[in-house]
Amino acid sequence: MAIFDIIGPVMIGPSSSHTAGANRIGYMAALCYGSPFHSVEIKLYNSFASTGFGHGTDRAIVAGLLGFKMDDERIPHAFEIAKKRHLSYNFRKSYKRDHHPNEVRIVFNRGSNHSFLIRGVSIGAGKAKITQVQDDDVEFGGDHAILLLNYQDITGMIGFIGGVLGKYKVNVAYMKSSRNALIGTAMAMLKLDEECPQDAIEELKRHSDIHRVISIRKLNNEY
Amino acid sequence: MSIKEIPNRIRIRSTQDIRHYLKSYPFKGLTDFFMEYESRNRLLPKTEVYKRMQSTLIVMKESIAKGKAKVNRTPSGLINGGCHTFLNNMPNTIHLMGEWFNTVIANTLAVSELNACMGRIVATPTAGACGVMPGAFLTICDKFSIPEDKQIQSLFIAGGMGELIQINASLSGSQHGCQAEVGSASAITASAIVALFEVSLDKIENAAALAMSNLLGLVCDPVAGLVEFPCVHRNIVGSVNAIACAQMALAGLTSPIPFDEVVSAMKQIGDDLPASLKETSRGGLAITPTGLRIQRKVRDEDPEKAY
Ligand code: SF4
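Bear in mind the structure is a predicted one, so any value in this text is a computation, not a measurement.

Caption draft 1: Highlighting the overall build of chain B. Regarding its fold elements, chain B presents 13 helices and 1 strand. With the C-alpha coordinates of chain B rotated into their principal frame, the extents come out at 70 × 45 × 40 Å. Taking all 307 residues of chain B together, the buried fraction comes to 57%. Summarising the internal contacts of chain B: among those between residues at least 6 apart in sequence, 71% fall at separations of at least 24. Per element, the accessible surface of chain B, about 12,600 Å² overall, is 57% carbon and sulfur. Each charge class in chain B was averaged separately, 30 positive and 28 negative side chains, and the resulting centres sit 2 Å apart.

Listed below in structure tokens is the structure:
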């Protein structure tokens, strides 16, 4: 946090957490998904579910998915714009104590057998975090550029990833890895000072044991 | 004493730290200190930092004009053209204090209502309290025809004071009640107003300490969980209080309890407040019979309540 979090951010009202933060979850989710989409299912939890309507939480999320940032005056009209752009969405609500008070689950659907799940929480002052991507537990806001990898849980993968990043002189600020023993995959989440170069991403993607590479730029100074 | 080079990262926890930095390093005054602070911590050049504050100021000014330009209404009915009515009725209403007092009320209402109606505002420090800075500070800038550069400089100082609150307590109603939102807004606005006329850290600190002290204990109890009532009207308390405290500080009055200690008191009170009075709408005005009736009406009108 710093001075522009005090005098700012510039945002569409009425609520830092329920409007701006919600918008940011939608925005980051679309960046994570990374491809065009036409159908999403959105589930609002707890406080988002009970007061979301009055705070425009629903429109703010759809606006974020459309690529509108928290200061975009199109947010109140997000539903009409979504219709024009052939984005269909539906909302569900859930009240569960074991979920964050301001949580959203977004599922991107394509056809009948492709779906992609992203979960995020709004943590106040217009800030938000993505907490889940598909089966992987993650945690990132917009403070760093992010690289998310999902790969087969075999030896040498971290070394390979480190090698590629080193080759492209990518500086890693933070890294976390974990495995999903059930399905034999592992994931690594890296926080970077600069966005990962496209060539490095392509090289990582070419490795046959890497299933998914997601790269997101740093968002903080854009708001 | 030898003057050292400004370090790459500036960390502050108290006004004492600020004084120490100002004494030990070659900053060109308080505004420069906070600009360096922002520039170094965000890895942005100082010119960029300045430009960003400039564009933020423009949005803040626009928010007054936009809020006044239309009749603001929300689906709940809690916001029902208040600013519009206020301005319309003014010619036939007794003016209790001068013209400018009414302008402070109207400008604060305009921005707070605009926020409630999904308009574009500057969250200073939060969306719920966004009417205070434009309502009090910008109205005074207008009254005294303050040059833009001076306004920007004062906003950096206000932001710096807010940063201390953020670091040592919080700015969120859900954590520390409305004293952290409207209370903090009022405190930093008071410091910005003082800074327009005198860049004296002592006076700036006194104004902020008095403003925050006056609003300690303020609870967060929004009706139907919406940032509408009492939020919008509470912003006016923040504005008027900011001006009064700035006026007192400029006239040499001091706060017996220093700013840093007032902020700790705010945190302690906020921690002690029950959850029912921290943005959960389970206490205060939110659970009055009328408050609950409005809440039921709002939830019934939610077109998505079916799922
Ligand atoms: S009452 Fe609560 S929601 Fe309203 S302005 Fe104060 S802190 Fe924000």
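After presenting the structure, the write-up continues.
Caption draft 2: Focus on the domain arrangement of chain A. Residue and element names in this part refer to chain A. As far as domains go, chain A holds domain 1 (14-134) and domain 2 (145-216). Here the C-alpha centroids of domain 1 and domain 2 sit 26 Å apart. Across the domain 1 to domain 2 interface the summed buried area is about 400 Å²; carbon plus sulfur atoms make up 77%. Counting every contact that joins domain 1 to domain 2 gives 0 salt bridges. Inspection of the region where domain 1 meets domain 2 yields 0 residue pairs in polar contact (both at pLDDT 80 or more). Taken together, the residues that form the side of domain 1 that touches domain 2 break down as 4 nonpolar, 1 polar and no charged.

Caption draft 3: Spotlight on the pattern of salt bridges. Inspection of every chain in the model, using the stated rule, returns 20 salt bridges over all chains. For R120 of chain B, the salt bridge identified is with D71 of chain A, shortest N-O distance 3.7 Å. Of this pair, R120 of chain B sits in strand β1 (residues 120-122) while D71 of chain A sits in the loop between α4 (57-65) and α5 (78-84), each in a different chain. Here E36 of chain B and R40 of chain B are joined by a salt bridge, their closest N and O atoms 2.7 Å apart. Taken together, the residues span about one helical turn, with E36 of chain B and R40 of chain B both in helix α2 (residues 30-42) at a distance of 4 residues.

Caption draft 4: Up close: the sheet that holds strand β10 (residues 185-192) of chain A. All names here are of chain A. Spatially, 4 strands are ordered β9-β10-β8-β11 in an open sheet, and the strand pairing comes out antiparallel. With partners counted over all chains shown, the strands left at the sheet margins are β9 (172-180) and β11 (210-216), one partner each. Between one strand and the next, the sheet's axes are offset by a mean angle of 10 degrees, whatever the strand orientation. In this structure, strand β8 (residues 145-152) lies alongside β10, joined through 8 bridges in antiparallel fashion. Bridge pairing in β10 places I146 opposite K191. Most of the contacts of helix α6 (residues 157-167) go to β8, to which it runs at about 145 degrees, and overall it touches β8, β9, β10 and β11.

Caption draft 5: Molecular detail of the packing of α2 of chain B against helix α7 (residues 148-168) of chain B. Residue and element names in this part refer to chain B. Relative orientation of the contacting elements α2 and α7 amounts to 60 degrees, with a least axis distance of 9 Å. Judged on the interaxial angle alone, α7 and α2 are oblique. For the crossing formed where α2 meets α7, the hand is left-handed. Here L30, T31, F34, M35 and Y37 of α2 come into contact with α7, specifically with Q153, F156, I157, G160, M161, E163 and I167.

Caption draft 6: Region of interest: the interface of chain A and chain B. Opposite the 37 residues of chain A that make contact, chain B presents 49 residues. Here chain A packs against chain B, burying approximately 3,500 Å² in sum over the two surfaces, 60% of which is carbon and sulfur. At the boundary of chain A with chain B, the tally comes to 3 salt bridges. At the surface where chain A touches chain B, the tally comes to 13 residue pairs in polar contact (both at pLDDT 80 or more).

Caption draft 7: Molecular detail of the sheet that holds strand β5 (residues 114-124) of chain A. Residues and elements named next belong to chain A. Reading across the sheet, the 6 strands line up as β3-β2-β4-β5-β6-β7 and stay open at both edges, with mixed pairing between neighbours. Only two strands of the sheet have a single partner each, and these edge strands are β3 (88-94) and β7 (136-140). Neighbour to neighbour, the strand axes of the sheet diverge by 20 degrees on average, direction disregarded. In this sheet, strand β6 (residues 127-133) lies alongside β5 in antiparallel orientation, the contact comprising 6 bridges. Following the sheet pairing, S122 is matched in β6 by A128.

Caption draft 8: Representation of the packing of aromatic side chains in the model. Overall, the coordinates contain 15 aromatic pairs over all chains when judged by the stated rule. Note on Y21 of chain B and Y25 of chain B: the rings are 5.6 Å apart at their centroids and 35 degrees apart in plane angle, and the pair reads as tilted. Exposure class is identical for Y21 of chain B and Y25 of chain B. Each is buried. Here Y21 of chain B and F27 of chain B contribute two aromatic rings whose centre-to-centre distance is 6.4 Å and whose plane-to-plane angle is 75 degrees, an arrangement assigned as edge-to-face. Each member of the pair Y21 of chain B and F27 of chain B is classed as buried. Here the aromatic cluster, defined as three or more aromatic residues joined through ring pairs, consists of Y21, Y25, F27, F33 and F34 of chain B. When the ring centre of F68 of chain A is taken as reference, the NZ or CZ atom of R74 of chain A above it lies at 3.8 Å.

Caption draft 9: Quick peek at the nonpolar core. Ranked by size, the top nonpolar core spans 76 residues in total, and within it F34, M133, F137 and F156 of chain B carry the most contacts. Discounting chain neighbours no more than four positions away, the residues touching F137 of chain B are V132, Q151, S154, L155, T189, A192, I193 and L196 of chain B. With 47 residues, the next largest nonpolar core counts I25, A30, V40 and F68 of chain A among its residues.

Caption draft 10: Structural view of helix α3 (residues 46-55) of chain A. Residues and elements named next belong to chain A. Burial runs high along α3: 7 of the 10 residues are buried. Residues of α3 that are buried: N46, F48, A49, T51, G52, F53 and H55. Just beyond α3, the residue with positive phi is G56, at close to 70 degrees.

Caption draft 11: Seen up close, the site of the ligand. Around the ligand lies a shell formed by G128, G173, C178, E181, C220, C231 and R234 of chain B. Its residues assigned to classes, the shell around the ligand shows 3 nonpolar, 2 polar and 2 charged.

What counts, and where the lines are drawn
Note that residues are indexed from 1 along each chain, following the sequence as it is written. Throughout, the order in which chains and ligands are written sets their labels, letters from A for the former and numbers from 1 for the latter. Note on the predicted model: pLDDT of at least 70 is required for a residue's local features to be given, and 80 or more for side-chain atom pairs to be given and counted; whole-chain, interface and lining totals, by contrast, use all residues. Hydrogens and water are ignored here; the side-chain numbers use all heavy atoms of the structure. In this description a helix means any DSSP run of H or I spanning at least four residues, a strand means any run of E spanning at least two, and both kinds are numbered starting from the N terminus. Relative accessibility decides the category of a residue: with a 1.4 Å probe and only protein chains considered, values under 20% of the type maximum give buried, values over 50% give exposed, and everything between is partly exposed. Whether two residues touch is decided by their heavy atoms; if any such pair falls within 4.5 Å, the residues are in contact. Accessible areas in this description were obtained via Shrake-Rupley with a 1.4 Å probe; residue shielding takes into account the shown protein chains only. Counted charges follow a simple rule, with Lys and Arg positive, Asp and Glu negative, and His plus the chain ends left uncounted. In plain terms, the charge of a residue is placed at NZ if it is Lys, CZ if Arg, CG if Asp and CD if Glu. An automatic or database domain assignment provides the domain bounds reported here. Joining two parts hides part of their accessible area as seen by a 1.4 Å probe, and the buried area is that hidden amount summed over both. The term salt bridge refers to a pairing of a side-chain nitrogen on Lys or Arg with a carboxyl oxygen on Asp or Glu at a separation within 4 Å. Here a polar contact is taken to be a pair of N or O atoms separated by no more than 3.5 Å, where protein atoms must pair a possible hydrogen donor with a possible acceptor and residues adjacent in sequence count only if both atoms sit in side chains. Ten residues, namely Ala, Val, Leu, Ile, Met, Phe, Trp, Tyr, Cys and Pro, are considered nonpolar, four, namely Asp, Glu, Lys and Arg, are considered charged, and the remaining ones, Gly among them, are considered polar. When DSSP finds two or more bridges between two strands, those strands count as paired. The axes are straight lines fitted to the C-alpha atoms, using for helices just the contacting stretch, and the angles between their N-to-C directions are given from 0 to 180°. The cut-offs work like this: below 35 degrees is roughly parallel, past 145 is roughly antiparallel, 65 to 115 is roughly perpendicular, and the gaps in between are oblique. By definition, any crossing whose near helix is turned counterclockwise from its far helix by less than a right angle is left-handed, and any crossing with a clockwise turn is right-handed. A pair of aromatic rings is counted whenever rings of Phe, Tyr or Trp (Trp by its six-membered ring) have centres within 6.5 Å, and the orientation is called stacked for planes under 30 degrees apart, edge-to-face for over 60 and tilted otherwise. As a reminder, the over-ring test applies to NZ of lysine and CZ of arginine, requiring each to be within 6 Å of the ring centre and within 35 degrees of the ring normal. What we call a nonpolar core is a set of buried Ala, Val, Leu, Ile, Met, Phe, Trp, Tyr and Cys residues that are connected through their side-chain atoms within 4.5 Å. Residues are counted as near a molecule or strand when any one of their heavy atoms sits within 4 Å of it.

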